[in-house]
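Understanding the architecture of this molecule
Here are the chains, one letter per residue:
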Amino acid sequence: LVLGSALLAGCAGGKEERWEIAYAAVREDVPTRVNVVKDDGSDPRRVSGARFRANPALPKWSPDGSRIAFVRADPAGGPRAFDTYVVNADGSGERLLGDGTLPVWTKDGRSVIVERIRDPSESSSIHVLSADGSGERRLALGSAPAISNSGSKVAFIRYTLRRRASGICCLTTSSSLYTV
């Protein structure tokens, strides 16, 4: 029974003009895993499986279709509840890129943009992770990163939060769209 899935855009491969779809399925009887299947349902394969307290989700193809970025989520939460990984499309070479979620590839495929979530009472931040694992840098404070069609800008949202009267965090009082 599929409880949920995260589909992503297909990637054309070779001369056969078949598209592939990468998805993460959450099922009761089988641990979460990232799978790839051709658009006609043939040739299914697993490219990454579950690990203890680290379920893979949110797969995103690299622009050239050779790699898939995805998130491993720790259901217990904590300061590193979400880590972004990259794996080759054939399932080989899986490696950690860094802390973050909602991966978005840059147009040139050299980097992945992620949102880093710390504490609900603090602002999230947008980070650029090198796809080869060589480093990272903070881009801006914000949430929900998206790359422009040209690849030259990153859009994101900043929320203004305030504590509820009960002291429990937080209510959104406003949000604004920014680009960098």
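Each remark here, short or long, concerns the structure printed above.
Description of the structure in this document. This is a predicted model, so every value here is computed, not measured. (Residues numbered from 1 in each chain as written. Predicted model: local features only at pLDDT ≥ 70, side-chain atom pairs only at ≥ 80, totals over all residues. Heavy atoms only, no water.)

1. Digging into the overall build of the protein chain
What counts, and what does not: A helix here means a DSSP run of H or I that spans at least four residues, while a strand means a run of E at least two residues long, and both kinds are numbered starting from the N terminus. Residue exposure (1.4 Å probe, protein chains only): buried if accessible area is under 20% of the type maximum, exposed if over 50%, otherwise partly exposed. In what follows, residue pairs with any heavy atoms lying within 4.5 Å of each other are defined as contacts. Areas reported as accessible are Shrake-Rupley estimates using a 1.4 Å probe. Residue values count occlusion only from the protein chains shown.
From N to C terminus, the protein chain includes 0 helices and 16 strands. Of all 180 residues assigned to the protein chain, the portion counted as buried reaches 37%. Within the protein chain, residue pairs in contact and separated by at least 24 positions form 29% of the contacts whose partners lie at least 6 positions apart. Taken as a whole, the protein chain presents about 10,000 Å² of accessible surface, with 51% of it coming from carbon and sulfur.

2. Brief notes about the sheet that holds strand S7 (residues 67–73)
Sheet strands associate in pairs through backbone hydrogen bonding, adopting either a parallel or an antiparallel arrangement. In plain terms, the rule: By this definition, two strands are paired if DSSP reports at least two bridges between them. Geometry is summarised by axes, namely lines fitted to C-alpha atoms with helices restricted to the contacting stretch, and by angles between N-to-C directions that run from 0 to 180 degrees.
The strand order S6-S7-S8-S9 describes an open sheet built from 4 strands, whose pairing is antiparallel. The open sheet has two edge strands, strand S6 (55–61) and strand S9 (95–99), and neither has a second partner. Within the sheet, the average angular offset between the axes of one strand and its neighbour, ignoring direction, is 30 degrees.

3. Considering the pairing of S9
The sheet contact formed by strand S8 (residues 82–88) and S9 spans 4 bridges and is antiparallel. Counterpart to Thr84 in the pairing with S9 is Gly98. As consecutive antiparallel partners, S8 and S9 are separated by 6 residues, and within that stretch Gly91 has a phi angle of approximately 95 degrees, a positive value.

4. A few points about unusual backbone geometry
Not every positive phi belongs to a glycine, and Asp43 is a case in point at roughly 55 degrees. Relative to the assigned elements, Asp43 resides in the loop between strand S4 (33–38) and strand S5 (45–49). Residue Leu102 is not a glycine yet carries a positive backbone phi of 55 degrees. The exposure class assigned to Leu102 is partly exposed, which follows from its relative accessible area of 35%.

5. Observations regarding the sheet that holds strand S13 (residues 136–141)
On the basis of which strands lie adjacent, the open sheet formed by 4 strands has the order S10-S11-S12-S13 and antiparallel pairing. Of all the strands in the sheet, the pair left with one neighbour each is strand S10 (101–105) and S13. The average angle at which neighbouring strand axes cross in this sheet is 25 degrees, direction not considered. When strand S11 (residues 111–116) meets strand S12 (residues 125–130), the two strands line up antiparallel, connected through 6 bridges. Residue Ile113 lies in a different strand from S12, and its bridge partner there is Val128.

6. Side note on the side chain of Arg72
Basically, it comes down to this: Distance and chemistry together define a polar contact, namely a pair of N or O atoms within 3.5 Å, with one atom able to donate a hydrogen and the other to accept it when in protein, and with adjacent residues in sequence counting only for side-chain atoms on both sides.
Within the fold, Arg72 resides in strand S7. A polar contact of 2.8 Å, which involves the side chain of Arg72, links it to the side chain of Ser48.

7. A short note on the pattern of salt bridges
Definition in use: The term salt bridge refers to a side-chain nitrogen of Lys or Arg lying within 4 Å of a carboxyl oxygen of Asp or Glu.
Under the definition given, this model contains 5 salt bridges. Residues Arg116 and Asp99 are paired through a salt bridge, measuring 3.4 Å at the closest nitrogen-oxygen approach. Of this pair, Arg116 sits in strand S11 while Asp99 sits in strand S9, and the two are 17 residues apart along the sequence. For the pair shown, Arg116 and Asp99 are each scored as buried. Between Arg116 and Glu136 there is a salt bridge, with the nearest N and O atoms lying 2.9 Å from each other. A residue pair is termed long-range when its members are at least 10 positions apart, and Arg116 in strand S11 and Glu136 in strand S13 qualify at 20 residues.

8. Quick look at the nonpolar core
Heads up, the rule is: What is meant by a nonpolar core is a set of buried Ala, Val, Leu, Ile, Met, Phe, Trp, Tyr and Cys residues, joined one to another through side-chain atoms within 4.5 Å.
Core analysis: the biggest nonpolar cluster contains 11 residues, these being Ala22, Ala24, Val34, Val36, Val47, Trp61, Ile68, Phe70, Tyr85, Val87 and Ala89. If sequence neighbours within four positions are ignored, Ala89 has contacts with Arg45, Val47, Trp61, Gly65, Ser66, Arg67 and Ile68. Counting 8 residues, the second largest nonpolar core, distinct from the first, contains Val86, Leu97, Trp105 and Leu129.

9. Here's the deal with the packing of aromatic side chains
Selection criterion: Pairing of aromatic rings covers Phe, Tyr and the six-membered ring of Trp, with a centre-to-centre limit of 6.5 Å; geometry is then stacked below 30 degrees between planes, edge-to-face above 60, and tilted otherwise. Geometrically, a lysine NZ or arginine CZ counts as sitting over a ring once it is within 6 Å of the ring centre and also within 35 degrees of the ring normal.
Counting across every chain of the model gives 2 aromatic pairs. Look at Phe70 and Tyr85: their rings are 5.7 Å apart centre to centre, the planes differ by 15 degrees, and that puts the pair in the stacked class. Taken together, the positions of Phe70 in strand S7 and Tyr85 in strand S8 put the pair 15 residues apart, joining distant regions of the chain. Residues Phe70 and Tyr85 agree in their burial class; the two are buried. Where Phe156 meets Tyr178, the ring centres are 5.8 Å apart and the plane angle is 15 degrees; that geometry is what we call stacked. With Phe156 in strand S15 (residues 154–162) and Tyr178 in strand S16 (residues 171–179), the pair connects residues that are 22 residues apart, well separated along the chain. By relative accessible area, Tyr178 is classed as partly exposed at 35%. When the ring centre of Tyr178 is taken as origin, the NZ or CZ atom of Arg158, which lies over that ring, is 4.5 Å away.

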